[in-house]
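Observations on chain architecture
For reference, the chains in residue letters:
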Amino acid sequence: MNLFTQLSQHARIQPETIAYTSRHRIASYRKLWSRIERATARLQAEWGIKSGDAVAYCGQGHPDALVLYVALLRCGALLVPLEHPSLQKRINEIARVVELKIILHDDHAPIQHIDAAAMIAPISALIMTRCPYQPSCILEDPSHPGLIRIDAAQDAALHSEQKSLLQITAAASACADPARRIAGFLFDAEILGGVVLPALMAGRTLDFA
């Protein structure tokens, strides 16, 4: 599986095919790949993200978070998705468990009362302006960790687990949702591995409700 090659191929071969629609944005595969390139360059050259660094997304189901995830994979860095409200409330505790370089949040939901040392910015800052730099990407290794799942019940100890692209997709061999609709949590295992990644690999359209 080579996600980067497939997405760049879709951008060349079917550039006007819609990759995703949402109330926030509509993006063709050409535009999606352009946003991934810009996000990768910004993460590396402007925000100083290196291989092994961790970046948190504190929001829910925003399509720019998908761009962030792929861009971080290209940097060799890890995404910490904090989509569940109970985890968002524990952001300071999580930042002490996982060393976060950046925390990105949905534009309409700024993070309150943060004492972490991480840079904090709205998710739109990832792609909203042009980046004068070119991305310098690692070779894709689907077995390399790219996502840190945080699991905890309210008032319970935090547990983190690193997941690779290979592990995420291994559990789902086919697209589970023929409508390819994303409602709620983008980074749930069944959604990301069973709907989002298979649809992107096949050059289909995702609908963010």
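Overview of the structure. (Residues numbered from 1 in each chain as written. Predicted model: local features only at pLDDT ≥ 70, side-chain atom pairs only at ≥ 80, totals over all residues. Heavy atoms only, no water.)

1. Section: the side chain of His 62
Operational definition: Under the scheme used here, helices are H or I runs from DSSP no shorter than 4 residues and strands are E runs no shorter than 2 residues, and both carry numbers assigned from the N terminus. Accessibility here uses a 1.4 Å probe with only protein chains present; expressed as a share of the type maximum, an area under 20% marks a residue as buried, one over 50% as exposed, and anything in between as partly exposed. A 3.5 Å cut-off defines polar contacts: any pair of N or O atoms within that distance qualifies, except that in protein one atom must be a possible hydrogen donor and the other a possible acceptor, and neighbouring residues in sequence count only when both atoms are side-chain atoms. Residue contacts are counted whenever heavy atoms from the two residues lie within 4.5 Å of one another.
With respect to the helices, strands and loops of the structure, His 62 is situated in the loop between strand E3 (54-58) and helix H3 (63-75). Residue His 62 is classed as buried on the basis of its relative accessible area, which comes to 5%. For His 62, the side chain forms a polar contact with the main-chain nitrogen of Asp 64, separated by 3.0 Å. What His 62 contacts, discounting residues up to four positions off in sequence, is His 24, Arg 25, Tyr 57, Asp 106, Ile 123, Leu 186 and Phe 208.

2. Concerning the sheet that holds strand E10 (residues 206-208)
Selection rule: For two strands to pair, DSSP has to find at least two bridges joining them. Where helices are involved, their axes are fitted lines through C-alpha atoms of the stretch in contact, as for all axes, and angles between N-to-C directions lie from 0 to 180°.
Taken together, the four strands give an open sheet; going across it, the order is E2-E1-E10-E9, and neighbouring strands pair in mixed fashion. Bordering the open sheet on either side are strand E2 (26-28) and strand E9 (181-182), each of which pairs with just one other strand. Across two bridges, the pairing between strand E1 (residues 18-21) and E10 is parallel. Bridge pairing links Thr 21 to Asp 207 in E10. With respect to the sheet, helix H7 (residues 189-201) is in contact with E9 and E10, its orientation differing from that of E10 by roughly 130°.

3. A short note on the packing of helix H1 (residues 3-13) against H3
Helix-helix packing is described using two parameters, namely the angle between the two axes and the distance between the axes. Applicable threshold: Just so you know how the angles are binned, under 35 degrees is roughly parallel, over 145 roughly antiparallel, 65 to 115 roughly perpendicular, and the rest oblique. Each crossing gets its handedness from the near helix: less than a right angle anticlockwise from the far helix is left-handed, clockwise is right-handed. Ten residue types, Ala, Val, Leu, Ile, Met, Phe, Trp, Tyr, Cys and Pro, are classed as nonpolar, four, Asp, Glu, Lys and Arg, as charged, and the remainder, Gly among them, as polar.
Direction vectors running N to C along H1 and H3 enclose 125°, while the axes themselves pass 11 Å from each other. Here H1 is positioned oblique relative to H3, judged by the angle of their axes. Read as a crossing pair, H1 and H3 show a hand that is left-handed. The segment H1 lies against H3, with Leu 3, Phe 4 and Leu 7 engaging Val 70, Leu 73 and Arg 74. Within the contact of H1 with H3, the residues separate by chemical class into five nonpolar, no polar and one charged.

4. Some details on the packing of aromatic side chains
Quick note on the threshold: Two aromatic rings, drawn from Phe, Tyr or Trp (for Trp, its six-membered ring), form a pair once their centres lie within 6.5 Å of each other, and the interplanar angle then sorts them: stacked below 30 degrees, edge-to-face above 60, tilted otherwise.
Applying the stated rule across the entire model yields three aromatic pairs. Relative to Phe 187, the ring of Tyr 57 lies with its centre 6.4 Å away and its plane at 65°, an arrangement referred to as edge-to-face. Of this pair, Tyr 57 sits in strand E3 while Phe 187 sits in the loop between E9 and H7, and the two are 130 residues apart along the sequence. Owing to a relative accessible area of 0%, Tyr 57 belongs among the buried residues under this scheme. With a relative accessible area of 2%, Phe 187 lands in the buried category. Plain terms: the ring middles of Tyr 69 and Phe 187 are 5.9 Å apart, the flat faces sit at 70° to each other, and that makes the pair edge-to-face. Here Tyr 69 is found in helix H3, whereas its partner Phe 187 is found in the loop between E9 and H7, with 118 residues between them in sequence.

5. Let's talk about the state of the cysteines
To be explicit about the condition: What counts as a disulfide here is a pair of cysteine sulfur atoms lying within 2.5 Å.
Inspection of every chain in the model, using the stated rule, returns zero disulfides. Cys 75 takes part in no disulfide bond, and the closest cysteine sulfur to it belongs to Cys 137, at a distance of 6.9 Å. Since its relative accessible area comes to 4%, Cys 75 is described here as buried.

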